[in-house]
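Structural description and commentary
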Amino acid sequence: MARSFICRCEDATVDDVRRAFEKGYRDLESVKRYTGLGTGPCQGKTCLAVAARELLRLGATPAEVLPFTVRPPLEPTSFAALAALDPAGLSLEAGVPVPVPPPAAPRPSAALPARAQVVIVGGGIMGLGLAYNLCRRGMKDVVLIEKGYLTAGASGRNGGGVRAQWTTPTMIRLARRSLEIGERFASEMGINVWFRRGGYLFLAPSRAQAARIEKNAEIHARNGLRTRVLTPAEAKEVVPELDERTFLAASWNPDDAVVFPWPYVWGYAARAEALGAKVLTFTRVTGFERDGKRLTAVETDHGRIACEVVVNAAGAWSPEIAALAGVKLPNEPERHEICVTEPLKPWLGPMVSNLGSGLYFSQSLRGEIVGGMGDPAEPRGIDTRSTLRFLARYARAITECIPKTAGLKVMRQWAGCYDVTPDNNPILGAAGYENFLQLNGFVGHGFMMAPAVTELMANWMAGDPPDEIFERFTLDRFEKGEVGGEDFIIG
Ligand SMILES: Cc1cc2nc3c(=O)[nH]c(=O)nc-3n(C[C@H](O)[C@H](O)[C@H](O)COP(=O)(O)OP(=O)(O)OC[C@H]3O[C@@H](n4cnc5c(N)ncnc54)[C@H](O)[C@@H]3O)c2cc1C
């Protein structure tokens, strides 16, 4: 059967765009994330206008077809060229694309109902995972409110890593459950999430880091993981291209995995809606009505909705949402940048991470190398702009780790925000009001925690006894000074 292509880089067809539109994804950013169009080597230079014309023909409004954000680099650029730049000479403002004025927001996906049992703020993986799991438990009067398109936040901007190599039994348990859910997600939810168990290989460049992974491996063994500490020569059997002079030991677990984040989010959204939840996009929460110890309604830029329970799942914006109710959260947003290369045939098994620099990268099932690295100079605050400094730092780190990557070209970069708490653990349960539940503070590992945590939270909200995480990770632990914390954070 003949097929008409809109995006030749990513094989997105006219029918794919129509299907996305029929599912309610009307604006170009959502359609891009639903079909993949515009994410290939030409960066939308050929498909953007054709896709916009098709959407207008289907009934989209001009505001819905405004071009998606331009992603640097303008031309695919090799790691060798980027590594030749001196990051020390590049400020966090260098190479930042000139911002365009914000377009008029597309119209909300549906009208706000007058009331609901549960209102969830935030259409990322946490909010959507919770909406789905609540519906599964029979609590179907659920409304989720998202100020932009779905996947606008960190859930649409992350590395897709899912690992059980953590440092506490609790985190290991949650991650193992998420891995189990991830393995079955495609068949149960009817969407391909490109789940691949290629393992995680953590490289320890110093004696202190090597001692750290030895200690972790003992914890992992006690908790049923197959983690092994490898010599550099053994690590090269896993990834032959590694430069073994750059690390002293490696922590290897073959059961860790990567997924493609976008379909994971779409999967939760579609199933939640099919089970009865209402997912409202382009609707911003602006305040709350209160009565004593309870929140009674959520105010938005498109009206108010009375409710019995409010869940704050707004990721890096959670402190802003809490502040609207007069509640102070200690979380702080922190930008993390990431990029993707041109696609290659499969050659890299695991997600590789250097514990010294925070460098991480993996090969997606689409063949691209996806990776990032935090920057100690990064100030706290919401910022999703892309910098040349990141590309220079990342290019140096990845070519040092695997010199053969020098000729590989970066196709696209972007950024998102971690939602950082003082102890790197989430904030869960009631805060400030007995019916104002927190589901935030997941730092740089919320994507992998969401399947397990949202399942447990829905069970608890539906009347089951609380899992220990809802008693340990409460907001008041900070007042009580119980700040121990998780330190195995990358990126
Ligand atoms: C570069 C990068 C790499 C990462 N890599 C990984 C990884 O490999 N593995 C992993 O597990 N995690 C990773 N993470 C972290 C992970 O992406 C997050 O922890 C997770 O996506 C958080 O999900 P969320 O639903 O809490 O927040 P988000 O996805 O940020 O969703 C919050 C939503 O709330 C909405 N919102 C905000 N304010 C309002 C308002 N007033 N009204 C209505 N809606 C509002 C926002 O628009 C947003 O869509 C990474 C993050 C980044 C930035």
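Given the structure is predicted, the values throughout are model-derived calculations rather than measurements. (Residues numbered from 1 in each chain as written. Predicted model: local features only at pLDDT ≥ 70, side-chain atom pairs only at ≥ 80, totals over all residues. Heavy atoms only, no water.)

**Notes on the pairing of strand β4 (residues 115–121)**
Judged by how many residues are buried, β4 sits mostly within the fold: five of seven residues are covered. Relative to strand β14 (residues 303–312), β4 is paired through six bridges, and the arrangement is parallel. From the neighbouring strand, valine 118 faces β14, where its bridge partner is valine 309. Sheet topology places β4 next to strand β5 (residues 142–145); four bridges connect them, and they run parallel. Paired with valine 118 across the bridge in β5 is valine 142. (Buried < 20%, exposed > 50% of the residue type's maximum accessible area, 1.4 Å probe, protein only. Helix = DSSP H or I, 4+ residues; strand = E, 2+ residues; numbered from the N terminus. Pairing = 2+ DSSP bridges.)

**Examining the domain arrangement of the chain**
Taken domain by domain, the chain holds domain 1 (5–70) and domain 2 (115–156 + 262–331 + 423–480). Each partner contributes residues to the interface: domain 1 has eight residues there, and domain 2 has seven residues. Applying the counting rule to domain 1 against domain 2 returns zero salt bridges. At the surface where domain 1 touches domain 2, the tally comes to three residue pairs in polar contact (both at pLDDT 80 or more). For the side of domain 1 that touches domain 2, a count of residues per class yields two nonpolar, two polar and four charged. (Domains from an automatic or database assignment. Contact = heavy atoms within 4.5 Å. Salt bridge = Lys/Arg side-chain N within 4 Å of Asp/Glu carboxyl O. Polar contact = N/O pair within 3.5 Å; in protein donor to acceptor, adjacent residues only side chain to side chain. Nonpolar A, V, L, I, M, F, W, Y, C, P; charged D, E, K, R; others polar.)

**Quick word on the site of the ligand**
Taken together, 38 residues lie near the ligand, and Glu146, Ser155, Gly161, Gly446 and Met448 sit nearest. Taking serine 155, its side chain carries an N or O atom lying 2.5 Å from an oxygen atom of the ligand. At a separation of 3.4 Å, an oxygen atom of the ligand approaches a polar backbone atom of glycine 160. With the chains in place, 97% of the 1,000 Å² that the ligand exposes on its own is no longer accessible. Here the shell around the ligand is composed, by residue class, of 18 nonpolar, 16 polar and four charged. (Near = heavy atom within 4 Å. Areas by Shrake-Rupley, 256 points an atom, 1.4 Å probe, with all protein chains shown as cover.)

**Section: unusual backbone geometry**
For the peptide bond that leads from proline 72 to proline 73, omega is -10°, which places it in the cis range. On the secondary structure map, proline 73 appears in the loop between α3 (48–58) and β3 (77–78). Even without being glycine, threonine 151 reaches a positive phi, approximately 75°. Within the fold, threonine 151 resides in the loop between β5 and β6 (161–162). The class for threonine 151 is buried, based on a relative accessible area of 1%. With a phi close to 60°, asparagine 424 is a non-glycine residue in the positive phi region. Within the secondary structure layout, asparagine 424 lies in the loop between β19 (409–420) and β20 (427–431).

**Quick word on the packing of aromatic side chains**
Overall, the coordinates contain 16 aromatic pairs when judged by the stated rule. The interplanar angle of 45° and the centroid separation of 5.6 Å between the aromatic rings of tyrosine 200 and phenylalanine 202 together place this pair among those described as tilted. Seen in terms of ring centroids, phenylalanine 202 and phenylalanine 488 are 4.8 Å apart; in terms of plane orientation they differ by 65°. Their pairing is edge-to-face. One end of the pair, phenylalanine 202, is in strand β7 (residues 200–204); the other, phenylalanine 488, is in the segment after α14 (476–479), with 286 residues separating them in the sequence. Ring pairs connect the aromatic residues Tyr132, Phe185, Tyr264, Tyr268 and Phe447, which therefore count as one cluster. If you follow arginine 163 out to its NZ or CZ, it ends over the ring of tryptophan 166, 3.7 Å from the centre. (Phe/Tyr/Trp six-rings, centres within 6.5 Å; stacked < 30°, edge-to-face > 60°. Lys NZ or Arg CZ within 6 Å of the ring centre and 35° of its normal.)

**A look at the pairing of β20**
A large share of β20 lies buried, amounting to four of its five residues. Judged from the five bridges that link them, β20 and strand β21 (residues 433–440) form a sheet pairing that is antiparallel. By the bridge assignment for β21, alanine 430 is matched with leucine 437.

**Regarding the state of the cysteines**
Overall, the coordinates contain zero disulfides when judged by the stated rule. Free cysteine: cysteine 339, not disulfide-bonded; nearest cysteine sulfur from cysteine 401 at 14 Å. Overall, cysteine 339 belongs to the buried group, its relative accessible area being 0%. The buried category is assigned to cysteine 401, whose relative accessible area is 3%. (Disulfide = S-S within 2.5 Å.)

**Some points on helix α7 (residues 207–222)**
Between its first and last C-alpha, α7 extends 23 Å over 16 residues, near the 22 Å set by a 1.5 Å rise per residue. Along α7, the positions that sit buried rather than exposed are Gln209, Ala210, Ile213, Asn216, Ala217, Ile219 and His220. Trailing α7 by a residue or two, glycine 224 shows a phi angle of about 80°, which is positive. (Expected span 1.5 Å × (residues − 1).)

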